[in-house]
Amino acid sequence: MRNDPRSHGLWEASAPEAPATSTLDRPIHADVVVVGGGFTGFSTALHLAERGIRVALLEAEEIGFGGAGRNVGLINGGMWVMPDDIPGVLGAVHGERALQLLGDAPTLVRALIDRHGIPCELERNGTLHLAVGEEGLAELRERHRQWRARGAPVELLTDEETARRVGSTAYAGSLFDPRAGTLQPLAYVRGLARAAIGAGASVFTRSPALATAREGTGWKVSTAGGSVSADWIAVATDAYSTGPWEIVRDEQVFLPYFNLATPPLPAELLRGILPGREGCWDTREILSSFRLDRAGRLVFGSVGALRNTGHTVHEAWARRSLRRIFPQLGRVAFEHAWFGRIGMTTDAVPRFHRFAEKVVGFSGYNGRGIAPGTAFGRTLAAHIAGDLAAEDLPLPVTEPRAQALRTVKAAYYEAGAQAAHLVGERF
Ligand SMILES: Cc1cc2nc3c(=O)[nH]c(=O)nc-3n(C[C@H](O)[C@H](O)[C@H](O)COP(=O)(O)OP(=O)(O)OC[C@H]3O[C@@H](n4cnc5c(N)ncnc54)[C@H](O)[C@@H]3O)c2cc1C
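What comes next concerns the included structure. (Residues numbered from 1 in each chain as written. Predicted model: local features only at pLDDT ≥ 70, side-chain atom pairs only at ≥ 80, totals over all residues. Heavy atoms only, no water.)

## Section: the overall build of the protein chain
Part 1 of the argument: Looking only at helices and strands, the protein chain features 12 helices and 20 strands.
Part 2 of the argument: Taken over the C-alpha atoms alone, the protein chain extends approximately 65 × 45 × 45 Å along its principal axes.
Part 3 of the argument: The burial tally for the protein chain puts 59% of its 427 residues in the buried class.
Part 4 of the argument: When contacts within the protein chain are restricted to residue pairs at least 6 apart in sequence, those whose partners lie at least 24 apart make up 76%.
Part 5 of the argument: By element, 52% of the accessible surface of the protein chain is carried by carbon and sulfur atoms, the whole surface being about 16700 Å².
Part 6 of the argument: Distance between charge centroids for the protein chain: 3 Å, based on 46 positive and 46 negative side chains. (Helix = DSSP H or I, 4+ residues; strand = E, 2+ residues; numbered from the N terminus. Buried < 20%, exposed > 50% of the residue type's maximum accessible area, 1.4 Å probe, protein only. Contact = heavy atoms within 4.5 Å. Areas by Shrake-Rupley, 256 points an atom, 1.4 Å probe, with all protein chains shown as cover. Lys, Arg positive; Asp, Glu negative; His and termini not counted. Charge placed at Lys NZ, Arg CZ, Asp CG, Glu CD.)

Structure below.
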C-alpha cells in the first residue's frame, strides 16, 4: 500500500486481492455511514447490512490500511489488564459484560470466517503466553487462576510441555488459551469487506471523511469528491484517525511494533518449531511475539519502529534473539519487514464514545483489536439497529480526551525500545 513495503509487509505480499471498490465522487444517501475500513468498521458494516440497513463505508486509504493490515495476527481473548482488575477500571456491570464479550470474541471471529468462507490462514490451535523466568511464570499463574475462576478453559503448561509445543527451551512455562489462534490479518479484513459488500454495503476507498455537518435530523459526511447523508455515523478510525475524529487518535499513545518474516522454514525444522501452530508472545515488558504463517515463515516481532537507525538495530537484535530462542534455525534471513502503531489508552481498556447524537464508535484496543474490533463492530451494529440499548452496552460512554504528552511518550517508547534492543541479547 502506498508502495511502502514496510507498512504491510508479508501480509500485503500474501493476501488475496481486495474486493473492487471506488472513490466516492458524488452525494449519496444511506442509513448509516461507517468511517474507517478496519475490523471495527467492516464488522459494523457487515452486521448492519445483514439486517437490511443501508450502509456506506468510507476508508481514507485502502481496506486494512490501519492496524488491521499490519498486526501480528494473534486472535486474543480478553485484554491486557488482569481479569480481576477490569471491574475496578470499567465498573462492576460493564467490567463483567466486557470480559464476557471479549472472552467470546475469538469464537465470533472463527464463526464469521466459517460463515463467509474467508480465506485468511486461520489456525484454531490457540495461543501460548510464554513465561520468561520465575517472574513471568508468577504472572501467568495469577492470570490462569483469575481466568479459571471465570470458567475460561485456559491451561498452565510446564516448561517441558511448553518446550515441546514451541520447539524452544527458553521459557519457564506458558498459559495456553485454546479459544485463541492466529490468522492473516489483511486477508481477514479483506474477507470481512467482501462479505459486507456481498450483504449490500457500499464501500469507498481513498475517500477520507473530511468534515461533518448536521442535515435535518441526520448527518452529512463530506469527502473531497462527494458526501454521504445518513441518520447515523459509526466512527471506526482508531489509532490511524485523521479528519473529524482525530481526538480518537489523540487519546492514545502510539507504541511502535515491528514484524520480520523469514522465508518458509524447511520441513524438518517445522516438525520441531510450533508443530501445533499456536501464536506466541512473552511476558517481558518489551515483549516479543512469534507465529508461523501458512507457508511456514516464522514471523517474529517486538516493540520498535523500522525507521532511521531503528531498522538496523531491531533487525540485528531479532537475529540474536532468534539464535537464542531457536538455535536450530542457524543463520536467519528475513524476507519481509514492516511496522505500525499500536494505540494505548491511559488505563489499557477500550473506549466507547458518543461524539454527538447518533455519532458513536469503539476504539482503543491496546494491541488487541482483531477479536475485540470484530465483536465491538457487531455490538455497534446492534446498538444502531435499535436492538441494544445504550445502557446495555459492554462499555460505559467516555468523553474523548487527548492524552497529555502523548508525542513525548511515543518518542520515549520508540527510543527506549531501540536502546534496549541495541544492547539486548549480546551475552
Ligand atoms: C504492529 C501491530 C501489531 C498488532 N498485533 C495485534 C495482534 O496480534 N492481535 C490483535 O488482536 N491486535 C493487534 N494489533 C492491534 C490491531 O491491529 C488494532 O487494534 C486494530 O487494527 C483496530 O482495528 P480498527 O478497525 O478499529 O482500526 P484500524 O484497523 O486501524 O482501521 C482504521 C481505519 O480508519 C481509516 N481512517 C482513519 N481516518 C479516516 C477518515 N477520516 N476517513 C476515512 N477513513 C479513515 C484508516 O485509514 C484505517 O484504515 C496490532 C497493531 C499493530 C499496529
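After that view of the structure, there is still more to cover.
## Topic: the packing of helix 4 (residues 92–116) against helix 11 (residues 370–385)
Part 1 of the argument: In contact at an axis separation of 8 Å, helix 4 and helix 11 are set at 90° when each is read in the N-to-C sense. The orientation of helix 4 with respect to helix 11, classified from their angle, is roughly perpendicular. Touching Leu101, Leu102, Ala105, Pro106, Leu108, Val109 and Leu112 of helix 4 are Ile370, Ala371, Pro372, Thr374, Ala375, Phe376, Arg378 and Thr379, all from helix 11.
Part 2 of the argument: Tallied by class, the residues present in the contact of helix 4 with helix 11 amount to 12 nonpolar, two polar and one charged. (Axes fitted to C-alpha atoms, helices over the stretch in contact; angles between N-to-C directions. Parallel < 35°, antiparallel > 145°, perpendicular 65-115°, else oblique. Nonpolar A, V, L, I, M, F, W, Y, C, P; charged D, E, K, R; others polar.)

## Some details on the site of the ligand
Part 1 of the argument: Close contacts around the ligand come from 35 residues, with Phe39, Thr40, Glu59, Leu74 and Thr242 the closest.
Part 2 of the argument: With respect to the ligand, the backbone of Gly73 contributes an N or O atom lying 3.3 Å from an oxygen atom.
Part 3 of the argument: Ile370 places a main-chain nitrogen or oxygen 2.9 Å from an oxygen atom of the ligand.
Part 4 of the argument: Elements that contribute at least two residues to the shell around the ligand include exactly helix 2 (39–49) and strand 18 (336–344).
Part 5 of the argument: Tallying contributions element by element places strand 18 first for the shell around the ligand, with three residues.
Part 6 of the argument: The residue inventory of the shell around the ligand, partitioned by class, reads 16 nonpolar, 14 polar and five charged. (Near = heavy atom within 4 Å. Polar contact = N/O pair within 3.5 Å; in protein donor to acceptor, adjacent residues only side chain to side chain.)

## Observations regarding the sheet that holds strand 19 (residues 351–356)
Part 1 of the argument: Read across the sheet, six strands follow the order 9-3-2-13-20-19 without closing on themselves; strand pairing throughout is mixed. Each end of this open sheet is capped by a strand with a single partner; those strands are strand 9 (202–204) and strand 19. Put simply, the sheet's adjacent strands are angled 20° from each other on average, direction ignored.
Part 2 of the argument: Sheet topology places strand 2 (residues 32–35) next to strand 3 (residues 55–58); four bridges connect them, and they run parallel. Bridge pairing in strand 3 links Val34 to Leu57.
Part 3 of the argument: With respect to the sheet, helix 11 is in contact with strand 2, strand 13 (232–235), strand 19 and strand 20 (359–363), its orientation differing from that of strand 20 by roughly 165°. (Pairing = 2+ DSSP bridges.)

## Re the pairing of strand 2
For a regular strand, side chains alternate in direction, first toward one face of the sheet and then toward the other.
Part 1 of the argument: The side-chain alternation of strand 2 yields two buried faces, one formed by Val32 and Val34 and the other by Val33 and Val35.
Part 2 of the argument: Handedness of the β-α-β unit built from strand 2, helix 2 and strand 3 comes out right-handed. (Right-handed = clockwise from strand over helix to strand, strands pointing away.)

## Notes on the sheet that holds strand 7 (residues 173–177)
Backbone hydrogen bonds are what pair the strands of a sheet, in a parallel or an antiparallel way.
Part 1 of the argument: As summarised here, the arrangement of the eight strands in space is 6-7-5-15-16-17-14-18, forming an open sheet in which the pairing is mixed. In the strand order of this sheet, the two ends are held by strand 6 (155–157) and strand 18, each with one partner. Each neighbouring strand pair of the sheet contributes to a mean axis angle of 20°, computed without reference to strand direction.
Part 2 of the argument: Two elements, strand 6 and strand 7, share three bridges in a ladder whose sense is antiparallel. In the strand pairing of strand 7, Glu155 is matched with Phe176.
Part 3 of the argument: This element, helix 5 (residues 133–149), spans strand 5 (127–131), strand 6 and strand 7 of the sheet and lies at about 140° to strand 5.
Part 4 of the argument: Helix 10 (residues 310–325) contacts strand 14 (253–261), strand 16 (288–292), strand 17 (298–303) and strand 18 of the sheet and is inclined by roughly 120° relative to strand 17.

## Some words on the packing of aromatic side chains
Part 1 of the argument: Under the definition given, this model contains 12 aromatic pairs.
Part 2 of the argument: With 4.9 Å between their ring centres and 40° between their planes, Phe352 and Phe362 make a pair best called tilted. Note that Phe352 is positioned in strand 19 and Phe362 in strand 20, a separation of 10 residues in sequence.
Part 3 of the argument: The buried category is assigned to Phe352, whose relative accessible area is 0%.
Part 4 of the argument: By relative accessible area, which is 1% here, Phe362 ends up buried.
Part 5 of the argument: Here the aromatic rings of Phe362 and Phe376 are separated by 4.4 Å at their centres, their planes lie at 20°, and the arrangement is stacked. In this pair, Phe362 is assigned in strand 20 and Phe376 in helix 11, connecting sequence segments 14 residues apart. Here the two residues Phe362 and Phe376 agree in accessibility, since each one is buried.
Part 6 of the argument: Ring-pair connections join several aromatic residues into one group, and the members of that group are Tyr171, Phe258, Phe290, Phe300, Trp317 and Phe326. (Phe/Tyr/Trp six-rings, centres within 6.5 Å; stacked < 30°, edge-to-face > 60°.)

## Side note on the nonpolar core
Part 1 of the argument: Formed by 76 residues in total, the largest nonpolar core has its most connected members in Val34, Phe42, Ile113, Leu183, Tyr188 and Ile384.
Part 2 of the argument: For this core, the element with the most residues is helix 4, which contributes nine residues.
Part 3 of the argument: Within the second largest apolar cluster, 30 residues are counted, among which are Leu130, Leu269, Ile273 and Ala305. (Core = buried A, V, L, I, M, F, W, Y, C linked by side-chain atoms within 4.5 Å.)

## Topic: the environment of Arg110
Part 1 of the argument: Following the sequence through the fold, Arg110 ends up in helix 4.
Part 2 of the argument: Accessibility expressed as a relative area gives 17% for Arg110, which makes it buried.
Part 3 of the argument: Leave out the neighbours within four places in its chain, and Arg110 touches Leu122, Arg124, Pro178, Arg179 and Ala180.
Part 4 of the argument: A distance of 2.6 Å separates a polar side-chain atom of Arg110 from the backbone oxygen of Arg179.

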